[in-house]
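For reference, the chains in residue letters:
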Amino acid sequence: MPTLLGIHGSVTNPGRLHQALESVLDSVSERWTSVSTDLLHLGGHQISFADGRPLKDFSDDTEAVVQRVMAADMYLIATPIFRASFTAALKNLLDLVPVEGLRGKVCGLVSMGASGHHYLAAD
């Protein structure tokens, strides 16, 4: 069964964006019973800075989180917009995942900003 992994790309307490991501994943589960869904909230894990070390050398959640990302078949990545960009926590996670871990997989993006000018970041 293919897995859709929702990645909540913020370390802050779950808010509106987390609720929106959960809602989409719930809808997918109800509509397509042949797809399993999973939700990864970056704030729920201790993830090290991507400094070039092999994953096995990290002593926190880094290796397990990256393995979880690589095991998924498709993604829905949700990020708040901060200073006209996606979060540093999400950038760090993407830097940790080897290119081969994402290659050929479907990915959707969801962004949420506090004002109208934040739409430029998604563009």
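Located above this text is the structure these notes cover.
Residues numbered from 1 in each chain as written. Predicted model: local features only at pLDDT ≥ 70, side-chain atom pairs only at ≥ 80, totals over all residues. Heavy atoms only, no water.

Digging into the sheet that holds strand 4 (residues 106-112)
The condition is simple: Strands qualify as paired when DSSP identifies two bridges or more between them. Runs of E in the DSSP output that reach at least two residues are strands. Runs of H or I that reach at least four are helices, and both are numbered from the N terminus. Axis geometry follows a simple rule: fit a line to the C-alpha atoms, using only the stretch in contact for helices, then measure angles between N-to-C directions, giving values from 0 to 180 degrees. Any two residues having at least one pair of non-hydrogen atoms within 4.5 Å are treated as being in contact.
Pairing is parallel in the open sheet, where four strands are placed in the order 2-1-3-4. For this open sheet the edge positions go to strand 2 (36-41) and strand 4, each flanked by a neighbour on one side alone. Strand after strand, the sheet turns through a mean of 15° between neighbouring axes, direction not considered. By the bridge criterion, six bridges tie strand 1 (residues 3-8) to strand 2 in an arrangement that is parallel. Counted as the bridge partner of Leu 5 is Asp 38 from strand 2. Taken strand by strand, helix 2 (residues 62-71) contacts strand 1, strand 2 and strand 3 (74-80), and its axis lies near 150° from that of strand 2.

Digging into helix 2
For clarity, the threshold we go by: When a residue's accessible area, from a 1.4 Å probe over protein chains only, is under 20% of the maximum for its type it is buried; when over 50% it is exposed; and in between it is partly exposed. Directions pointing from the helix axis toward each C-beta atom define the arc.
Every buried residue of helix 2 is accounted for by Thr 62, Val 65, Val 66 and Val 69. Taken down its axis, helix 2 places every buried residue within 95° of arc, on the same side. Turned more than 90 degrees off the buried face of helix 2, the exposed positions are Ala 64 and Ala 71. Elements that come into contact with the buried residues of helix 2 comprise strand 1, strand 2, strand 3, helix 3 (88-96) and helix 4 (99-102).

Points about the nonpolar core
Filter applied, for reference: By nonpolar core is meant a set of buried Ala, Val, Leu, Ile, Met, Phe, Trp, Tyr and Cys residues that side-chain atoms within 4.5 Å join together.
Core analysis: the biggest nonpolar cluster contains 16 residues, and Leu 5, Ile 7, Leu 40, Val 66, Val 69, Tyr 75 and Leu 93 have the highest contact counts within it. Of all the secondary structure elements, the ones that give two or more residues to this core are strand 1, helix 2, strand 3 and helix 3. Here Leu 5 is in contact with Asp 38, Leu 39, Leu 40, Arg 68, Val 69, Ala 72, Met 74, Tyr 75 and Leu 76, once residues within four sequence places are set aside. Membership of the second largest hydrophobic core comes to eight residues, among which are Leu 4, Leu 17, Val 35 and Leu 76.

Some thoughts on the environment of Val 11
Its place among the elements puts Val 11 in the loop between strand 1 and helix 1 (16-31). For Val 11, a relative accessible area of 53% gives the class exposed. Considering only alpha carbons, one finds Val 11 and Thr 87, 76 residues apart in sequence, at a separation of 8.9 Å. Contacts of Val 11, omitting those with residues within four sequence positions, involve His 41, Leu 42, Gly 43 and Ala 89.

Re the side chain of His 8
Our working definition: Distance and chemistry together define a polar contact, namely a pair of N or O atoms within 3.5 Å, with one atom able to donate a hydrogen and the other to accept it when in protein, and with adjacent residues in sequence counting only for side-chain atoms on both sides.
Among the structural elements, His 8 can be located in strand 1. At a separation of 2.6 Å, a polar atom in the side chain of His 8 contacts the side chain of His 41. Apart from the residues lying within four places of it in its own chain, the contact partners of His 8 are Pro 14, Leu 17, His 18, Leu 21, Leu 40, His 41, Leu 42 and Ala 78.

Notes on the pattern of salt bridges
Threshold: Every case where a carboxyl oxygen of Asp or Glu lies within 4 Å of a side-chain nitrogen of Lys or Arg is listed as a salt bridge.
Going through the model one piece at a time under the given rule, you end up with four salt bridges. A salt bridge links Arg 68 to Asp 38, with the shortest nitrogen-to-oxygen separation between them at 3.0 Å. Of the two residues, Arg 68 sits in helix 2 while Asp 38 sits in strand 2, which places them 30 residues apart along the sequence. When its relative accessible area of 26% is taken as the criterion, Arg 68 is described as partly exposed. A relative accessible area of 29% means that Asp 38 is categorised as partly exposed.

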